[in-house]
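This is what each chain is made of:
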Amino acid sequence: DNLERAIEDLKKTKTKEETQKGFSLILTNLYNSLEEKGLKVMDVAIGQEPNPQEHQILNQIPTKNQKLKGKITEIVTKGYFLHHVVLRHAQVIIGT
């Protein structure tokens, strides 16, 4: 229902900020509903060691920062757990 209302509001909305606020609210409500069912977003951070159980390494890129060699330099897509089981691996890029 909320998405249908948001699409209708797009026809009336005058500012980009109002549209962003509406979709952010819808996304927050969706995440809250899914969390109640056991979905959890993986906690992935730049500089973290990649974990093959949770991360899919898409690419390796050269980095001048020695601290990021072999570490996550970019998070391409979020990963998710469903009841502590990997539903989707986080897709990441690591530094070399």
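Residues numbered from 1 in each chain as written. Predicted model: local features only at pLDDT ≥ 70, side-chain atom pairs only at ≥ 80, totals over all residues. Heavy atoms only, no water.

**Some thoughts on the sheet that holds strand 3 (residues 72–77)**
Defined as follows: For two strands to pair, DSSP has to find at least two bridges joining them. Secondary structure elements are defined from DSSP: runs of H or I of at least 4 residues count as helices, runs of E of at least 2 residues count as strands, and each element is numbered from the N terminus. For helices, the axis comes from a line fit to the C-alpha atoms of the stretch in contact; other axes are also lines fit to C-alpha atoms, and the angle between any two N-to-C directions lies between 0 and 180 degrees.
Pairing within the open sheet is mixed, and its 3 strands lie in the order 2-6-3. Where the open sheet ends on each side, the last strands, each with one partner, are strand 2 (55–61) and strand 3. Pairs of neighbouring strands in the sheet enclose a mean axial angle of 30°, with direction left out of account. As paired strands, strand 2 and strand 6 (residues 90–95) are joined by 6 bridges and run parallel to one another. Pairing of I57 across the sheet is with V92, part of strand 6.

**Things to note about the pattern of salt bridges**
Put simply, the test is: Any carboxyl oxygen of Asp or Glu within 4 Å of a side-chain nitrogen of Lys or Arg constitutes a salt bridge here.
This model, assessed by the stated rule, comprises 1 salt bridge. The shortest N-O distance in the salt bridge between K71 and E49 comes to 3.7 Å. Within this pair, whereas K71 is found in the loop between strand 2 and strand 3, its partner E49 is found in the loop between strand 1 (39–41) and strand 2, the two being separated by 22 residues in sequence.

**A word on the environment of I93**
The test is simple: A 1.4 Å probe rolled over the protein chains alone gives each residue an accessible area, and that area as a share of the maximum for its type sets the label: buried under 20%, exposed over 50%, partly exposed in between.
Tracing the backbone shows I93 in strand 6. Residue classification places I93 among the buried residues on the basis of a relative accessible area of 11%.

**What to know about the sheet that holds strand 4 (residues 80–82)**
Spatially, the 3 strands line up as an open sheet ordered 1-4-5, and their pairing is antiparallel. In this open sheet, the two edge strands, each paired with only one partner strand, are strand 1 and strand 5 (85–88). Taken over all neighbouring pairs, the strand axes of this sheet differ in orientation by 35° on average, direction set aside. Looking at chain direction, strand 1 and strand 4 are connected through 3 bridges and run antiparallel. Within strand 4, the residue paired with V41 across the bridge is Y80.

**Things to note about the nonpolar core**
Counted only if it meets this: As used in this record, nonpolar core signifies buried Ala, Val, Leu, Ile, Met, Phe, Trp, Tyr and Cys residues forming a set joined through side-chain atoms within 4.5 Å. It only takes one pair of heavy atoms within 4.5 Å for two residues to be counted as in contact.
One finds M42, V44, I72, F81, A90, V92 and I94 forming the largest nonpolar core, which totals 7 residues. Here this core takes 3 residues from strand 6, the largest share from any one element. F81 has contacts with G38, L39, K40, M42, E54, V86 and L87, leaving out every residue within four places of it along the chain.

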